[in-house]
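# Chains, contacts and geometry: an overview
For reference, the chains in residue letters:
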Amino acid sequence: MTEMLNGLKKLYKGKNAFARQISLFSICGIAGLFNGYLALETQGLAEVNISQKVVFSVFLIIFALFFTGFETLFMHDRELPDIDMQSFKLAFRKVPFLIFLTGVPFLIVSLFTKYQYAAFCAETILSIPLTMMQAGFSYNYRNSDASLLFKKFRVKEYFMLLIKRLWVVIASHIVTFVFIFIIFFILGIALAIYFKGDVNAISLAISSQQTAVAKLSDYITSVLLIYTLSIGVLVWDYEMLKTYEREEQ
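Below, the structure is looked at part by part. (Residues numbered from 1 in each chain as written. Predicted model: local features only at pLDDT ≥ 70, side-chain atom pairs only at ≥ 80, totals over all residues. Heavy atoms only, no water.)

### What about the packing of helix α6 (residues 116–140) against helix α7 (residues 155–194)?
It is the contact of α6 with α7, at a shortest axis distance of 10 Å, that shows an interaxial angle of 125°. The angle between the axes of α6 and α7 places the two elements in the oblique class. Here α6 and α7 pass one another in a crossing that is right-handed. Of the residues in α7, those in contact with Phe 120, Thr 124, Ile 125, Ser 127, Ile 128, Pro 129, Thr 131 and Met 132 of α6 are Tyr 158, Leu 161, Leu 162, Arg 165, Leu 166 and Val 169. Tallied by class, the residues present in the contact of α6 with α7 amount to 10 nonpolar, 3 polar and 1 charged. (Axes fitted to C-alpha atoms, helices over the stretch in contact; angles between N-to-C directions. Helix = DSSP H or I, 4+ residues; strand = E, 2+ residues; numbered from the N terminus. Parallel < 35°, antiparallel > 145°, perpendicular 65-115°, else oblique. Left-handed = near helix turned anticlockwise from the far one by under 90°. Contact = heavy atoms within 4.5 Å. Nonpolar A, V, L, I, M, F, W, Y, C, P; charged D, E, K, R; others polar.)

This is the structure we're talking about:
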């Protein structure tokens, strides 16, 4: 866990860290809005036709391609990269592109079927060896280095990485919902001040905008969740690299 904390510090320190975080949040925000809109359909709050699903899915696949390259750059430099075309260029190299292609079916299943939880579980398990390949490649950007981590990792290390990966997902959801609670708590205080503490007026205002509030909540949740998951995955990547480097010593 110490290395995960160090990895988190790496993401928020260093050259242009704040500007890079804003850029990353913006990219995650766009993906989150598409994901949030698709999520509204499952709650009966919006009608999404097949053409819209296809368009949104294409954008989310492009985001996945970008993040594959972005993640590889982070593992190589050990600091948050700039948001530029370098992420896409690197993602098209043999090993990163193979990893991206492997994840696409899980994304499609999550978007177009009711088996999103099964897809998530399968992808989480498969992500360990795939990211190990990506990490090996990231050292020198050589396809032949993709097997580096497999030479040192045993079942114990694999199992611990799986547990930590699951913890990253859980922690990301916890952080997201804490932020959602804080945001709506502040909005509640603002409403209380605006209506001078009139409970009936506040209840009427909320009930009259119930659908809008639900949609707003979905959008904010999707944006924050994609951002926190992205940060969590990068922190997990850093932990995995440090685990490998300890084994090398």
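After that view, the rundown keeps rolling.
### Notes on the nonpolar core
Counting residues in each nonpolar core, the largest one holds 37 residues, and the members touching the most others are Leu 11, Leu 24, Phe 70, Leu 149, Phe 153, Leu 234 and Met 240. Where this core is concerned, the elements lending two or more residues are α1 (2–12), α2 (17–42), α3 (50–77), α6, α7 and α9 (210–248). A per-element tally of this core places α9 first, with 11 residues. Leu 90, Leu 130, Tyr 141 and Ala 146 belong to the second largest nonpolar core, which has 8 residues in total. (Core = buried A, V, L, I, M, F, W, Y, C linked by side-chain atoms within 4.5 Å. Buried < 20%, exposed > 50% of the residue type's maximum accessible area, 1.4 Å probe, protein only.)

### Points about the layout of surface pockets
By volume, the largest pocket is sized at about 1900 Å³. Lining the largest pocket we find 48 residues, and of these Leu 107, Ser 110, Phe 120, Glu 123 and Leu 229 sit closest to its centre. Of the residues contributing to the lining of the largest pocket, the split by class is 24 nonpolar, 17 polar and 7 charged. Roughly 330 Å³ of internal volume is contained in the second largest pocket. Around the second largest pocket sit 15 residues that line it, and Leu 8, Ala 171, Ile 231, Gly 232 and Val 235 are the ones nearest its centre. When residues of the lining of the second largest pocket are traced back to their parent elements, those giving at least two are α1, α7 and α9. Among the residues forming the lining of the second largest pocket, the class breakdown is 12 nonpolar, 3 polar and no charged. (1 Å grid on protein atoms, 1.4 Å probe; cavity = no way out; pocket = protein on both sides within 12 Å on 5 of 7 lines; lining within 4 Å. Points joined across faces, edges and corners; volume = space filled by probe spheres on them.)

### Some remarks on the packing of aromatic side chains
Under the definition given, this model contains 14 aromatic pairs. Judged by centre distance (5.1 Å) and plane angle (40°), the rings of Phe 34 and Phe 56 are tilted. Of the two residues, Phe 34 is situated in helix α2 and Phe 56 in helix α3; the sequence distance between them amounts to 22 residues. In terms of burial, Phe 34 and Phe 56 fall into one category: buried. A connected cluster of aromatic rings, assembled from ring pairs, spans Phe 63, Phe 66, Phe 67, Phe 70 and Phe 88. Sitting over the face of the ring of Trp 236, Arg 165 holds its NZ or CZ atom 4.6 Å from the ring centroid. (Phe/Tyr/Trp six-rings, centres within 6.5 Å; stacked < 30°, edge-to-face > 60°. Lys NZ or Arg CZ within 6 Å of the ring centre and 35° of its normal.)

### Things to note about α1
Structural remark: α-helix, 3.6 residues per turn; residues separated by three or four positions point the same way. When α1 is considered as a whole, its buried residues turn out to be Glu 3, Met 4, Gly 7 and Leu 11. Viewed end-on, α1 has its buried residues packed into an arc of 100°, placing them on one side of the element. Residues of α1 that are exposed and angled more than 90 degrees away from the buried face: Thr 2 and Leu 5. Once α1 finishes, Gly 14 follows within two positions and takes phi at roughly 100°, a positive value. (Arc of directions from axis to C-beta.)

### A short note on the pattern of salt bridges
As enumerated under the stated definition, the model contains 7 salt bridges in all. Arg 20 is the salt-bridge partner of Glu 79, the closest N and O atoms lying 3.6 Å from each other. With Glu 79 in the loop between α3 and α4 (86–91) and Arg 20 in helix α2, the pair connects residues that are 59 residues apart, well separated along the chain. On the basis of relative accessible area, Arg 20 is assigned to the buried category, the value being 9%. With its nearest N and O atoms 3.6 Å apart, the salt bridge here joins Glu 245 to Lys 242. A residue pair is termed a helical-turn pair when its members lie 3 or 4 positions apart in one helix, as Glu 245 and Lys 242 do in helix α9 at 3 residues. (Salt bridge = Lys/Arg side-chain N within 4 Å of Asp/Glu carboxyl O.)

Function cannot be read off these values alone, since they describe shape.
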